[in-house]
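Residue strings, one per chain:
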Amino acid sequence: MHSWLLGRIGKSLITVYLVASASFFLTRFMPGSPIDAYVSSQLALGITREQAIQQAAALLAYNPNDSLWRQYLHYMWRLLHGDLGQSIVSPGTPVTTYVGKYLPWTLLSVGLGTLLAFIIGMFLGVLIAYRRGGFFDHFFTNVSSFLHAVPNYVWAVAILIIFGVKLKWFNVNDVAGAYSPGLHPNFSFDFISDMMYHAALPILVYTITSVGGWIIVMKSSTTQVLDEDFVTVAKARGLHDSRIRTTYVGRNAVLPLFTSFAISIGFVVGGSTLVEQVFRYQGVGFYLYAALQQRDYPVLQGFILVITISVVIANLVADLLLSRIDPRIRTEGDTR
């Protein structure tokens, strides 16, 4: 068990290192630089190029003449000490400040949407499997395939245009942001209700786009379990249907979904960029796009690293829990 665990942790650390290295070089190989992005924004305001370059040199914590490998070694040394660096665009502001400011809102919206989709998908998937071949099965299978096929940002735009602009069920400007201007985060009923009001549409989009996949997977898994011999034996013994559904069918059918759910939780942080842009919801995805436009390398790297770590930890936790549920996973890992 210890060797298996150490192997999994070692692979996770290697993955984090490789992604951190790749994100460092890829962000710097993008066209433009923080200075170019700042100069372009100032030129749009009517400032001359020479003045904009002088302002960029004074305001931005970026030296374009610094060696790339020297930057890389300095970046890795900081990471080993738990330091994600400071923003180029806002000198003196640690990257961890941005992560702490925007990450909770993404965890709230995408996390709740993923959880709701998983619960609804499990329930409907089991019902469809028990009624396979009928109208209920064909209808929800087709609907699930459609929901799963349409990208989340398309649903976001459609909801905004149809229900916000056309039908005027809500004010498009009112739902922008993570909470209303003038409020400060606290645990009062007024703030929590306002926070949920702003998060409702992103949560709805994440639920719609995820639930179809969970329905299809749960239906397939349940159908496979229903054909197993132990279910037939349980029916022959005269056990009650409710016990067969929960103890024999439900527990075995949900196991293949367990790993997928753990991994989907890991992707919670990274799956929000376009949806948050549509709703102007100020989470990780919203500011990740802003950092990309400004070529704010440390912030970009910090968010990518947080996304990577969340996925790696989710995979590791899924492996550990599944190894407890099914010890054969550990045994197979030791024999390879």
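## A word on the overall build of the protein
Okay, so step 1: Looking only at helices and strands, one finds 14 helices and 0 strands in the protein.
Okay, so step 2: The principal-axis extent of the C-alpha atoms belonging to the protein is close to 85 × 60 × 40 Å.
Okay, so step 3: Evaluated residue by residue, the protein yields a buried proportion of 41% over its 336 residues.
Okay, so step 4: Across the protein, the fraction of contacts at a sequence separation of at least 24, relative to all contacts at a separation of at least 6, is 74%.
Okay, so step 5: Accessible surface computed for the protein: about 18,700 Å², of which carbon and sulfur atoms make up 65%.

## Regarding helix α8 (residues 189–226)
Okay, so step 1: With 38 residues, α8 should reach 56 Å at 1.5 Å per residue; the first-to-last C-alpha distance of 46 Å falls well below that figure.
Okay, so step 2: Along its length, α8 reaches its greatest deviation from straightness, about 45°, at Ala199, and the proline Pro202 lies no more than four positions downstream.

## Here's the deal with the packing of helix α5 (residues 95–130) against α8
Okay, so step 1: At a minimum axis distance of 4 Å, the contact between α5 and α8 shows a crossing angle of 35°. The hand of the α5/α8 crossing is right-handed.
Okay, so step 2: Broken down by class, the residue content of the contact of α5 with α8 amounts to 26 nonpolar, 9 polar and 1 charged.

## So, helix α6 (residues 135–149)
Okay, so step 1: For α6, built from 15 residues, the straight-helix expectation of 21 Å at 1.5 Å per residue is met to within 8% by its first-to-last C-alpha distance of 21 Å.
Okay, so step 2: Those residues of α6 lying buried are Asp137, Ser144 and Leu147. Relative to the axis of α6, the buried residues are bounded by an arc of 110° and lie together on one face. Seen from the open side of α6, the exposed residues pointing more than 90 degrees away from its buried face are Phe135, Asn142 and Ala149.
Okay, so step 3: Where α6 is buried, its residues contact α5, α7 (152–166) and α8.

## Comments concerning the nonpolar core
Okay, so step 1: Of all hydrophobic cores here, the largest spans 43 residues; its most connected members are Trp105, Val205, Ile244, Phe279 and Tyr281.
Okay, so step 2: Those elements that provide at least two residues to this core are α5, α7, α8, α9 (229–236), α10 (241–266) and α11 (273–279).
Okay, so step 3: Broken down by element, this core gets its largest block of residues, 14 residues, from α8.
Okay, so step 4: Leave out the neighbours within four places in its chain, and Tyr281 touches Trp105, Leu108, Ser109, Gly177, Ala178, His198, Ala199, Pro202, Glu276 and Phe286.

## Details of the side chain of Arg78
Okay, so step 1: Here Arg78 shows up in helix α4 (residues 68–80).
Okay, so step 2: One buried charged side chain, Arg78, makes no salt bridge at all; its nearest oppositely charged neighbour is Asp83, positioned 4.1 Å away.
Okay, so step 3: Setting aside its immediate chain neighbours within four residues, Arg78 contacts Asp83, Leu84 and Gly85.

## Here's the deal with the side chain of Glu276
Okay, so step 1: With respect to the element layout, Glu276 can be found in helix α11.
Okay, so step 2: The side chain of Glu276 is buried and forms no salt bridge, while Arg280, the nearest opposite charge, is found at 10 Å.
Okay, so step 3: Beyond its immediate stretch of four places on either side in the chain, Glu276 contacts Thr106, Tyr206, Tyr281, Gly283, Val284, Gly285 and Phe286.

## Some remarks on the confidence of the model for the protein
Okay, so step 1: With 92% of its residues at a pLDDT of 70 or more, the protein shows a mean pLDDT of 83.
Okay, so step 2: When mean pLDDT is taken per element in the protein, α7 scores highest with 91 and helix α14 (residues 328–335) scores lowest with 51.

## Considerations on the environment of Ala57
Okay, so step 1: Within the secondary structure, Ala57 sits in helix α3 (residues 49–59).
Okay, so step 2: Residues Ala57 and Ile35 lie 22 residues apart in sequence; the distance between their C-alpha atoms is 7.6 Å.

## With respect to the packing of α5 against helix α12 (residues 284–294)
Okay, so step 1: Direction vectors running N to C along α5 and α12 enclose 135°, while the axes themselves pass 7 Å from each other. As the angle between them shows, α5 and α12 are arranged oblique. Contacts from Tyr98, Tyr102, Leu103 and Thr106 in α5 reach Val284, Gly285 and Tyr287 in α12.

## Section: the packing of aromatic side chains
Okay, so step 1: For the structure on display, the rule yields 19 aromatic pairs.
Okay, so step 2: Across the ring face of Phe136, the terminal group of Arg131 is positioned such that the distance to the ring centre comes to 5.9 Å.

## Concerning unusual backbone geometry
Okay, so step 1: Although it is not a glycine, Lys168 sits at a positive phi angle of roughly 55°.
Okay, so step 2: Of note, the phi angle at Arg295 is positive, near 55°, even though the residue is not glycine.
Okay, so step 3: On the secondary structure map, Arg295 appears in the loop between α12 and α13 (297–325).
Okay, so step 4: Using a relative accessible area of 18% as the deciding quantity, one classes Arg295 as buried.

Cut-offs and rules
- Position labels on residues start from 1 in each chain and follow its written sequence.
- With the structure being a predicted model, the display of local features is reserved for residues of pLDDT at least 70 and the display and counting of side-chain atom pairs for 80 or more, all residues being used for whole-chain, interface and lining totals.
- With hydrogens and water excluded, all non-hydrogen atoms of the structure serve as input to the side-chain values.
- Each helix corresponds to a stretch of at least 4 residues labelled H or I by DSSP, and each strand to a stretch of at least 2 residues labelled E; elements are numbered beginning at the N terminus.
- Three labels apply to residues, based on accessible area from a 1.4 Å probe with only protein chains included: buried if under 20% of the type maximum, exposed if over 50%, partly exposed otherwise in between.
- Here, residues are in contact when the closest pair of their heavy atoms is within 4.5 Å.
- For every accessible area listed, the method is Shrake-Rupley and the probe measures 1.4 Å; residues are considered covered only by the protein chains on display.
- Take the number of residues in a helix, subtract one, and multiply by 1.5 Å to get its expected span.
- The angle between axes fitted to the seven residues ending at a residue and the seven residues starting there is what we call the bend at that residue.
- Between N-to-C directions, angles cover 0 to 180 degrees, with each direction set by a line fitted to C-alpha atoms, over the stretch in contact for helices.
- In this scheme, a crossing is called left-handed if the near helix is turned counterclockwise away from the far one by less than a right angle; it is called right-handed if the turn is clockwise.
- Each residue is assigned to one class: nonpolar for Ala, Val, Leu, Ile, Met, Phe, Trp, Tyr, Cys and Pro, charged for Asp, Glu, Lys and Arg, and polar for all the others, Gly among them.
- Think of the arc as the fan of directions from the helix axis to the C-beta atoms.
- We define a nonpolar core as any set of buried Ala, Val, Leu, Ile, Met, Phe, Trp, Tyr and Cys residues linked to one another through side-chain atoms lying within 4.5 Å.
- Within this scheme the basic residues Lys and Arg register as positive and the acidic residues Asp and Glu register as negative, but His and the chain ends are omitted.
- Put simply, a salt bridge is a Lys or Arg side-chain nitrogen that is within 4 Å of an Asp or Glu carboxyl oxygen.
- Every residue carries a pLDDT, the predictor's confidence in it, which falls somewhere between 0 and 100.
- Any angle that falls under 35 degrees is termed roughly parallel, while one over 145 is termed roughly antiparallel, one within 65 to 115 roughly perpendicular, and all others oblique.
- Pairing of aromatic side chains requires ring centres within 6.5 Å, counting the rings of Phe and Tyr and the six-membered ring of Trp. Pairs whose planes differ by under 30 degrees are stacked, by over 60 edge-to-face, and all others tilted.
- By the criterion adopted, a ring carries a charge over it if an Arg CZ or a Lys NZ lies within 6 Å of its centre and within 35 degrees of its normal.

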